[in-house]
Amino acid sequence: MTKKYDVTGMGNALVDIEFEVSESFLETNGIEKGLMTLVDEERQATLMAAIHTKTSKLQCGGSAANTVIALSQFGGKAYYCCKVGDDELGRFFMEDLRESGVNHNLDPYHLEKGITGKCLVMVTADAERTMNTFLGITQTFSPAQLNAEAIKESKYLYIEGYLITSPNARKAMLEARKIARENGVKVALTFSDPAMVKYFGEGFQEVIGDGVDLLFANEEEAMLYTGTETLLEAREAMKKLARHFVITQGKNGAIIYDGDTFIDIEPYPTKAVDSNGAGDMFAGAFLYGITNGHSYASSGKLASMASSKIVSQFGPRLSWEEAQGIRKRLQPEME
């Protein structure tokens, strides 16, 4: 049966505001490098004022939003479940989704009063990204934001790990998983960030349950969650969590488990300037590939090339032209 969507994603709706900062700025302001840290609006505003530089272009973001937008840019069909406030940034978020070709649950005439979430992305000279996030109204994301019909009409449900911090959002994760399971829709989950795994492991155990169809993690997340010391041990342990999985390795490429064998995905040489969004891009390109008839190996190659392009520039998103250029460049190998 033909599905309306390749992927329905769910996650925190955040407007990304990106800055370049020095290592000393992070140290002086007591910011833990390389992680996503939740902050209140006052703390976020204080940091933005302390940076003393112009912001980069605003973009609708959040991990799963970046992923479904990437999938759409490669030619896939995506839907997104999220929550924004009735404010300027909320309307900006909706318009950005529309321009990116992603359908969504947001109704401009029935938005709740509240503040749309913002993510302060700080990038250091080594291309490492550090995020301080004010969740705003997305902190109240709940099962009410789910579109059951969109989930049923999708090949995959994609769940963002950052949702694990909120009890109501965790209920939504479990409800969405239940809807997917009951309707033959595959479930994909991303851990999103080492801090999520470190502090919310029990929540992930509940969401993973008896296993998911596809799990995305980086090396640190994989070892943290499985309690292992090496990548070889982690990838064996992850077989108990997911039928298929991807472990990204930054400049060393990625490992994909296709349910039978491990596939090493080579990196594409690049000069990294900003790692923000690389994992989200990898997931979006990979999901586009496997939901459009391509092998795990060729989908991994597409994802590797796309994420290498992302880290060579500032911001978590490719242009439409760049995405289509990468797809066409690899098209003979993906036939």
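Residues numbered from 1 in each chain as written. Predicted model: local features only at pLDDT ≥ 70, side-chain atom pairs only at ≥ 80, totals over all residues. Heavy atoms only, no water.

J.: Help me get a handle on the overall build of the protein chain, residues and values and all.
T.: On a plain count of helices and strands, the protein chain comes out with 13 helices and 14 strands. Against the globule reference of 20 Å for 335 residues, the protein chain gives a C-alpha radius of gyration of 18 Å, in line with a compact fold. Each principal axis of the C-alpha atoms in the protein chain carries an extent, and together these give about 50 × 45 × 40 Å. Put simply, of all contacts in the protein chain between residues at least 6 apart along the chain, 76% involve residues at least 24 apart. Accessible area of the protein chain: about 14200 Å², with a carbon and sulfur share of 50%. Considering the protein chain, the positive charge centre built from 34 side chains and the negative charge centre built from 46 side chains are found 4 Å apart. (Helix = DSSP H or I, 4+ residues; strand = E, 2+ residues; numbered from the N terminus. Rg over C-alpha atoms; globule rule 2.2 N^0.38 Å. Contact = heavy atoms within 4.5 Å. Areas by Shrake-Rupley, 256 points an atom, 1.4 Å probe, with all protein chains shown as cover. Lys, Arg positive; Asp, Glu negative; His and termini not counted. Charge placed at Lys NZ, Arg CZ, Asp CG, Glu CD.)

J.: Break down the sheet that holds strand E7 (residues 117–123) for me, with residues and values.
T.: Across a sheet, strands are paired by hydrogen bonds formed along the backbone, either parallel or antiparallel in direction. The mixed open sheet is built from five strands, whose spatial order is E3-E8-E7-E2-E4. The open sheet has two edge strands, strand E3 (36–38) and strand E4 (59–61), and neither has a second partner. Across the sheet, the mean angle from the axis of one strand to that of its neighbour is 30°, orientation sign disregarded. By the bridge criterion, six bridges tie E7 to strand E8 (residues 129–134) in an arrangement that is antiparallel. Bridging from a neighbouring strand, Leu120 pairs with Asn132 of E8. Contacts from helix H3 (residues 63–73) reach strand E2 (14–20) and E4, with the element oriented near 110° to E4. Sheet strands touched by helix H4 (residues 88–99): E2, E4 and E7. Its angle to E4, the strand with the most contacts, is close to 85°. (Pairing = 2+ DSSP bridges. Axes fitted to C-alpha atoms, helices over the stretch in contact; angles between N-to-C directions.)

J.: Tell me about H4, and name the residues and values.
T.: Since the α-helix advances by 3.6 residues per turn, residues separated by three or four positions end up pointing in the same direction. Under the 1.5 Å per step criterion, the end-to-end length of H4 is 17 Å for 12 residues, consistent within 8% with the ideal 16 Å. Taken together, the buried positions of H4 are occupied by Gly90, Phe93, Met94, Asp96 and Leu97. An end-on view of H4 places all buried positions within 165° of arc, on one side of the element. Counted as exposed and oriented over 90 degrees from the buried face of H4: Glu88 and Arg98. In this structure, the buried residues of H4 make contact with E2, E4, H3, strand E5 (78–81) and strand E6 (102–104). Backbone geometry just downstream of H4 places Gly101 in the positive-phi region, at approximately 75°. (Expected span 1.5 Å × (residues − 1). Buried < 20%, exposed > 50% of the residue type's maximum accessible area, 1.4 Å probe, protein only. Arc of directions from axis to C-beta.)

J.: Talk me through unusual backbone geometry; I want residue IDs and the actual numbers.
T.: Positive phi, normally seen in glycine, also occurs at Ala127, with a value near 75°. Judged by relative accessible area, Ala127 falls into the buried class, the value being 3%. If you check the backbone angles, Ser192 has positive phi at about 80° while not being a glycine. Positionally, Ser192 belongs in the loop between strand E10 (186–190) and helix H7 (194–199).

J.: Talk me through the packing of aromatic side chains; I want residue IDs and the actual numbers.
T.: Counted under the stated rule, the structure contains 11 aromatic pairs. Taking 6.5 Å as the distance between ring centres and 25° as the angle between the ring planes, the aromatic pair formed by Phe282 and Phe286 counts as stacked. On the criterion of helical spacing, the pair formed by Phe282 and Phe286 is a turn pair, its members being four residues apart in helix H11 (residues 278–291). Classification of Phe282 as buried rests on a relative accessible area of 4%. Among the aromatic residues, ring-to-ring pairing joins Tyr158, Phe216, Phe282, Phe286 and Tyr296 into one connected group. Lying across the ring of Phe262, Arg235 places its NZ or CZ 4.0 Å from the centre. (Phe/Tyr/Trp six-rings, centres within 6.5 Å; stacked < 30°, edge-to-face > 60°. Lys NZ or Arg CZ within 6 Å of the ring centre and 35° of its normal.)

J.: If you had to explain the state of the cysteines to someone new, which residues and values would you point to?
T.: Per the stated rule, a full pass over the model turns up zero disulfides. Free cysteine Cys82: the closest other cysteine sulfur is in Cys81, separated by 7.7 Å. Summary of cysteine pairing: Cys119 is not part of a disulfide, and the nearest cysteine sulfur, belonging to Cys60, is at 13 Å. (Disulfide = S-S within 2.5 Å.)

J.: If you had to explain the nonpolar core to someone new, which residues and values would you point to?
T.: Inside soluble globular proteins, nonpolar side chains tend to come together where they are buried. Ranked by size, the top nonpolar core spans 51 residues in total, and within it Met10 and Leu215 carry the most contacts. Tallying contributions element by element places helix H6 (residues 167–182) first for this core, with six residues. Discounting chain neighbours no more than four positions away, the residues touching Leu215 are Leu189, Phe191, Met238, Leu241, Ala242, His244, Phe245 and Val246. Of all hydrophobic cores here, the second largest spans 49 residues; its members include Ala64, Ala254, Ile265 and Met281. (Core = buried A, V, L, I, M, F, W, Y, C linked by side-chain atoms within 4.5 Å.)

J.: An account of H3 is needed here, citing residue identities and associated values.
T.: Counting buried residues in H3 gives 11 out of 11 residues, a clear majority hidden from the surface. Residues Ser63, Ala64, Ala65, Asn66, Thr67, Val68, Ile69, Ala70, Leu71, Ser72 and Gln73 constitute the buried set of H3. Looking one or two places after H3, you find Gly75, whose phi comes out positive at around 115°.

J.: Which residues make up the environment of Phe141, and what values go with them?
T.: Considering the arrangement of structural elements, one finds Phe141 in the loop between E8 and helix H5 (148–152). The exposure class assigned to Phe141 is buried, which follows from its relative accessible area of 0%. A sequence separation of 35 residues divides Phe141 from Ala176, and the C-alpha atoms of the two residues are 13 Å apart. Leaving out residues up to four positions away in the same chain, Phe141 has contacts with Met10, Gly11, Cys81, Cys82, Lys83, Leu146, Leu163, Ser166, Asn168, Ala169 and Ala172.

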